[in-house]
Amino acid sequence: MLKYLLRKEFRQIKRNAFLPRLIFAFPLMVLLVFPWAASYEIKNLNISIVDNDQSSFSKALTQKIISSNYFRLTDYSVSYSAALKSIEAQKSDIILQIPANFEKNIINAQGAKVMLSANAVNGMKGGIAMTYLVSIINEFNASLIKDLMPLSKSTTNISTIQIDQQYRFNQNLNYRVFMVPALMVMILSLLCGFLPAVSIVFEKELGTIEQMNVSPVPKVLFILAKLIPFWVIGLIVINIGFVVAWAVYGLVPAGHFYTIYFFTIIYILTVSGLGLIISNFAQSLQQAMFIIFFFMLVFIMLSGLYTPIDSMPEWAKWVAAFNPLKYFMEVMRAVYLKGSDILQLWKQLLALIAFSIFFNIIAVISYRKSS
Amino acid sequence: MKQLLSFVRKEFYHILRDKTTILILLLMPIIQIILFGFALTTEVKDTRVAVLIPQSDEITTKLVERIHASSYFDVVNTIQSSYEIQKTFRDSQAKLVLVFENDFAAKLKHDGIAHIQLIADATDPNAATSFTFYVSNIISSYQQDMIGTMKNPYQITPEVKMLYNPQMIGAFNFVPGVLGMILILICAMMTSIAIVREKEKGTMEILLVSPMRPIYTILAKITPYFVLSCINFLTIIILSVFVLKVPIAGSFFTLVIISMLYIFVALALGLLISTLTESQVAAMLISGMALMIPVMLLSGMIFPIENMPLPLQIFSNVIPARWYISAVKLVMIQGLGFSAIIKEMLVLSFMAITLIAISLKKFKVRLE
Amino acid sequence: MENVITATNLTKQFGHFTAVDQISFEVERGEIFGFLGANGAGKTTAMRMLCGLSKPTSGIGTVAGFDIHTQTEKVKKNIGYMSQKFSLYDDLKVWENIELFGGIYGMNDQDIKIKTDKLMYELNFEKERNMLVASLPLGFKQKLAFSVAIFHQPQVVFLDEPTGGVDPVTRRMFWEMIYKAAENGITVFVTTHYMDEAEYCNRVSIMVDGRIEALDSPKNLKANYSAKNMDEVFQKLARKSQRIE
């Protein structure tokens, strides 16, 4: 019986004008565009320098800032209000004000102050701009001190703790590498969670589901026949993902492919079960699509795709604990970038299996052949 | 006019009957604001750290204590050898490993220099950079304390001021984004689905055959969603001001004007989409994919546009949300007036007119 | 003659609304049994209970010897069904629809193929065999839907308003197919609101407001109600109706 049902499903998908194109175009679009857009890297900071001293020190500082590669000099003037206009016009991110007598005060061993004003509408950007500028100023200060205190007190041994940084798994700190495995999760969730559910509700609206309900087809088989094509599609899509990740981003999983396949299968089971539950309760196609869309949105936001789960407040972490996407995302990133294997990911495995069993049982029970 | 009103009433009934969808539509902005406002941050806290100390001494102990005491970190484990480092990362036991040199305190005293290795799990590169930054700060502040306050007469002291958003609340950045997304969701997606549903069921023909002019049919369809958008707009503003403490620095009136303009653009978009397709599923998928995703990604809502490669930056100019979000930031957060958002208003007006013109034309074509 | 369908005080309530009110009847094997009534009288609801699509609120019934409360899956194995919307898959070809439903009802590939060929020949559908159902005219769809419903030789076939929206000539042809099926031993249970179709049935029941107000052969009904045709019979009965259509 399953054989005939499957034949029907595959034929219908093939004939659908929209679906096959969606299945292949969507992952490609996401994987090719998203990683370039979705970056939290802060680059190209623009600075306005207000130099009221115009001395060799102030000019040296300015030079150092420009040559640092963090900042681009938008304007160099003597007017704070001009600089502020730049910020308002979004042309500049931070203002450095060097007061008059800057050089004189330093040479006379009286210390000097400078003012840093950062546009904090984007708090993170403002903070980082501030941090970079402060560290450049400190470096400038350190070399000044060395020049100005040649012999005097420098015999006192100032001991230093030297910090060596090492970055593992993503040496180049490439944000795209971080995003690509996560995006594959998102694509799978949308395709395998959304589409089978829509397929069932669509038959409900058309009325053809009645013919199935009146036939001896057991509901489990009917559901299975709806799901299996999308499982297959899910596996195809993830392979597309592998190819794109390698071809476009040079990204190859550090771990084993079979680990990924293993988890993918469990995950697809989970997410399609969830979609099914929603479709069983929805009263119309539009409603079903909308509810699933809404759930997906929230799940994606709480999955660690954009922002780390670790940074969330306790209550949000609790909510995220019930989010299957979170676990699969952790798995994908861990296997792709760190080379973790199934045993090391036992927590996620358990969670996903539990979800999968739970969702699918409810999906089958809540599907009614008779009312 | 009376005809129009009775049609508008019918449209309202349609929508109100589907309580679940309405509930979600009204709930969505609230949930988004809560999530963005309180859950989605990149703050560093309680990051799990493992330490590898060949020989403990008073300096290493003090350093580890300081690190553990800070809210940023949680020292969870002491490992014995460098072989365990990789495993620690793979098991996700810690995101940062600190390796102290042998004879740390002694080396510091006699050689004047001792090394600490900061090994970070750079899976999330931004997080890794933050970790190293914060740990370095803790270590250098310890150093300062060790050295004692040696007044440096040649010190350049930076005085720091954060403009517009002194507490660096992340909310300032995303409230405009949430506004942009919710409004286009309701106006474009829901409107297009509603119109297409009418087409699918065949009742559209009945309406078109009625003595009411087509333009009124469309107006009637649009009105409920327009009302819903206004409700959501107010909800978001109220939540932002009172719950997230993001004040409206500029004029509320200006904000309303630009929002109305944006809503028109979004409604026109919905109209256009409805002329492109015959099936609800297609309408939803088009608005979902062609609208939501570009809006979320490329409008500047979450990810800054300046970071994107040039082609994407150019493409983002086509997205209405981008202009709206930029205008809202200027008015709401930076408190600027009309003159600052002239560019945005012109672009949005142009988009609105073009879209409406195209949709009306397509609509007329379908009738013939 | 054995009873292939029995119903005793079958009732269906939706909240306070009683759609089907204590109906009782029997249908013999090979009969063409018409289930008549105005729209909203409860015909479709009653039929759905017999098919296992809807659970009765009270009362008992059997179809093909199986209880419609507790043995719905066994009932379904032995019946065929054709609904108002024809319920074929528009985006599948003619032969693909046949193969699907044949397979669901337990036929094997070989039997399906042989019978399909036979059916295409009988219906004169050779040209349409490979066409998508969506592109068939209404009359063709109707005939195909019926043929699919009886493809697996069920004991009973349930037809819910099968001739809606079709011209009288096609309706006549459809009823010829029904006769043929009955001759082959398939019991036909058909609901309709076309009173002239009642004349084609062996026996007819007329539902008004959820109750069976009359049950007999068309000939007897016309005699009892002094009517020239079934339409008149129905008018006389329907006048009693309190449900406004």
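Position labels on residues start from 1 in each chain and follow its written sequence. Whichever chain is written first is A, and whichever ligand is written first is 1; the rest continue in order. A pLDDT threshold of at least 70 governs which residues receive local features in this predicted model, and a stricter bar of 80 or more applies before side-chain atom pairs are shown or counted, although totals over entire chains, interfaces and linings include all residues.

**Digging into the domain arrangement of chain B**
Part 1 of the reasoning: Split by domain assignment, chain B resolves into domain 1 (2-40 + 170-367) and domain 2 (47-147).
Part 2 of the reasoning: Taken over C-alpha atoms, the centre of domain 1 of chain B sits 50 Å from the centre of domain 2 of chain B. For the domains described, the bounds stem from an automatic or database domain assignment.

**Side note on the interface of chain A and chain C**
Part 1 of the reasoning: Contacts are defined on C-beta atoms placed from the backbone: any two residues whose C-beta positions lie within 7 Å are in contact. Listed by partner, the interface residues are 18 residues for chain A and 22 residues for chain C.
Part 2 of the reasoning: A helix here means a DSSP run of H or I that spans at least four residues, while a strand means a run of E at least two residues long, and both kinds are numbered starting from the N terminus. Sorting the residues of the side of chain A that touches chain C by element identifies helix 1 (2-15) and helix 8 (208-213) of chain A as the ones contributing at least two each.
Part 3 of the reasoning: Under this grouping Gly is polar, as are all residues other than the nonpolar Ala, Val, Leu, Ile, Met, Phe, Trp, Tyr, Cys and Pro and the charged Asp, Glu, Lys and Arg. Among the residues making up the side of chain A that touches chain C, the classes are represented as five nonpolar, eight polar and five charged.

**Considering the arrangement of the chains**
Part 1 of the reasoning: When the two pairs of chains in contact are compared, the highest contact count belongs to chains A and B.
Part 2 of the reasoning: For chain B and chain C, which are not in contact, the least C-alpha distance works out to 14 Å.

**Considering the interface of chain A and chain B**
Part 1 of the reasoning: At the junction of the two partners, chain A supplies 87 residues and chain B supplies 88 residues.
Part 2 of the reasoning: Among the elements of the structure, helix 2 (19-37), helix 4 (80-88), strand 4 (112-119), helix 6 (123-148), strand 5 (160-168), helix 7 (175-206), helix 11 (285-301) and helix 13 (324-338) of chain A are those that each provide at least two residues to the side of chain A that touches chain B.
Part 3 of the reasoning: It is helix 6 of chain A that provides the largest number of residues to the side of chain A that touches chain B, a total of twelve residues.
Part 4 of the reasoning: Among the residues making up the side of chain A that touches chain B, the classes are represented as 51 nonpolar, 26 polar and ten charged.
Part 5 of the reasoning: If DSSP finds at least two bridges between two strands, the strands pair. Relative to strand 4 (residues 113-121) of chain B, strand 5 of chain A is paired through nine bridges, and the arrangement is parallel. Pairing of Arg-168 of chain A across the sheet is with Asp-121 of chain B, part of strand 4 of chain B.

**Comments concerning helix 11 (residues 280-298) of chain B**
All names here are of chain B.
Part 1 of the reasoning: Each residue after the first adds 1.5 Å to the expected span of a helix. Here helix 11 contains 19 residues, and its C-alpha end-to-end distance of 26 Å stays within 8% of the 27 Å for a straight helix at 1.5 Å per residue.
Part 2 of the reasoning: In this scheme, the bend at a residue equals the angle between the axes fitted to the seven residues that finish there and the seven that begin there. The sharpest bend along helix 11 reaches about 25° and sits at Gly-288.
Part 3 of the reasoning: The positive-phi residue at the C-terminal boundary of helix 11 is Gly-300, with phi of around 90°.

**Digging into the packing of helix 7 of chain A against helix 13 of chain A**
All names here are of chain A.
Part 1 of the reasoning: Between helix 7 and helix 13, the shortest axis-to-axis distance is 9 Å and the interhelical angle comes to 140°. Judged by the angle between their axes, helix 7 and helix 13 are oblique. The two elements helix 7 and helix 13 cross, and the hand of that crossing is right-handed. Seen from helix 7, the contacting residues are Val-177, Pro-181, Ala-182, Met-184, Val-185 and Ser-189; seen from helix 13, they are Leu-325, Phe-328, Met-329, Met-332, Arg-333, Tyr-336 and Leu-337.
Part 2 of the reasoning: Partitioned by chemical class, the residues of the contact of helix 7 with helix 13 number eleven nonpolar, one polar and one charged. Axes here refer to lines fitted to C-alpha atoms; in helices the fit is confined to the stretch in contact. Angles between the N-to-C directions go from 0 to 180 degrees. Roughly parallel covers angles under 35 degrees, roughly antiparallel covers those over 145, roughly perpendicular covers 65 to 115, and oblique covers all other angles. Crossings are assigned a handedness: left-handed for a near helix turned anticlockwise from the far helix by less than a right angle, right-handed for a clockwise turn.

**Notes on the sheet that holds strand 1 (residues 3-14) of chain C**
Backbone hydrogen bonds are what pair the strands of a sheet, in a parallel or an antiparallel way.
Residues and elements named next belong to chain C.
Part 1 of the reasoning: Spatial ordering of the open sheet is given by 2-1-4-5, a layout of four strands whose pairing is antiparallel. Strand pairing shows two members of the sheet lacking a second neighbour, strand 2 (17-28) and strand 5 (66-67), which therefore form its edges.
Part 2 of the reasoning: Relative to strand 2, strand 1 is paired through eight bridges, and the arrangement is antiparallel. Bridged to Leu-10 within strand 2 is Ile-23.
Part 3 of the reasoning: Here helix 1 (residues 43-51) sits on the sheet and contacts strand 1, strand 2 and strand 4 (58-63); the angle it forms with strand 1, its principal contact strand, is near 120°.

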